[in-house]
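Close look at the chain arrangement
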Amino acid sequence: MNKHLPPQDLLESTHDFPCPYTFKIIGQANENFIQEVVSAVRKGMQFDFDPPYESRESSGGKHIALTFEPVAENSDQVLAVYSEIQTIEGVILLL
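Because the structure is predicted, anything quoted here is derived from the model rather than measured. (Residues numbered from 1 in each chain as written. Predicted model: local features only at pLDDT ≥ 70, side-chain atom pairs only at ≥ 80, totals over all residues. Heavy atoms only, no water.)

With that settled, the discussion passes to the layout of surface pockets. Size it by volume and the largest pocket reaches roughly 180 Å³. Along the walls of the largest pocket sit Lys-24, Ile-25, Ile-26, Glu-54, Ser-55, Arg-56, Ala-65, Thr-67, Leu-93 and Leu-95, which together make up its complete lining. Every element with two or more residues in the lining of the largest pocket is listed here: strand 2 (23-28), strand 3 (54-57) and strand 4 (63-68). Residue composition of the lining of the largest pocket, by class: five nonpolar, two polar and three charged. (1 Å grid on protein atoms, 1.4 Å probe; cavity = no way out; pocket = protein on both sides within 12 Å on 5 of 7 lines; lining within 4 Å. Points joined across faces, edges and corners; volume = space filled by probe spheres on them. Helix = DSSP H or I, 4+ residues; strand = E, 2+ residues; numbered from the N terminus. Nonpolar A, V, L, I, M, F, W, Y, C, P; charged D, E, K, R; others polar.)

Laid out in structure tokens, this is it:
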């Protein structure tokens, strides 16, 4: 996975923190992948609970799209989530 993160000043100029922030992750459709992503969002957001998310499996069943919309207190949290997710094997797309 490419280790490219959005610039912090761009996040701060386009978002009025605290605010809901959408993360979309596409990867391998298996329970391990889902749990790793949930854990990464939880760790990056510094939550003491698993964040809610929506999931949609591809028509062939090989891939899954996960969408999280937590309230981010600041741009540091957003960047922390991106950094955590980029370490997960099997991530195909991160938005």
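We now examine the sheet that holds strand 6 (residues 91-94). The strand order across the open sheet formed by four strands is 3-4-2-6, and the pairing between neighbours is antiparallel. Both outer strands of the open sheet, strand 3 and strand 6, are each paired with one neighbouring strand and no more. Each strand of the sheet is rotated relative to its neighbour by a mean of 20°, with strand direction disregarded. Each of strand 2, strand 4 and strand 6 touches helix 2 (residues 31-45); the most contacted strand, strand 4, lies at about 20° to it. On the sheet, helix 3 (residues 75-85) packs against strand 2 and strand 6 and is oriented at approximately 5° with respect to strand 2. (Pairing = 2+ DSSP bridges. Axes fitted to C-alpha atoms, helices over the stretch in contact; angles between N-to-C directions. Contact = heavy atoms within 4.5 Å.)

So, on to the environment of Leu-95. Here Leu-95 is to be found in the segment after strand 6. As for Leu-95 and Ile-25, which are separated by 70 residues in sequence, their C-alpha atoms are 6.4 Å apart. Setting aside anything within four residues of it in sequence, one finds Leu-95 in contact with Thr-22, Phe-23, Lys-24 and Tyr-82.

Before going further, it helps to spend a moment on the pattern of salt bridges. By the definition in use, this model includes two salt bridges. Notably, a salt bridge pairs Arg-42 with Asp-50, separated by 3.1 Å at the nearest N-O pair. Residue classification places Asp-50 among the partly exposed residues on the basis of a relative accessible area of 47%. Between Glu-84 and Lys-43 there is a salt bridge whose closest N-O contact spans 3.7 Å. One end of the pair, Glu-84, is in helix 3; the other, Lys-43, is in helix 2, and 41 residues separate them in sequence. Taking the relative accessible area as the measure of exposure, Glu-84 reaches 22% and is therefore partly exposed. Using a relative accessible area of 56% as the deciding quantity, one classes Lys-43 as exposed. (Salt bridge = Lys/Arg side-chain N within 4 Å of Asp/Glu carboxyl O. Buried < 20%, exposed > 50% of the residue type's maximum accessible area, 1.4 Å probe, protein only.)

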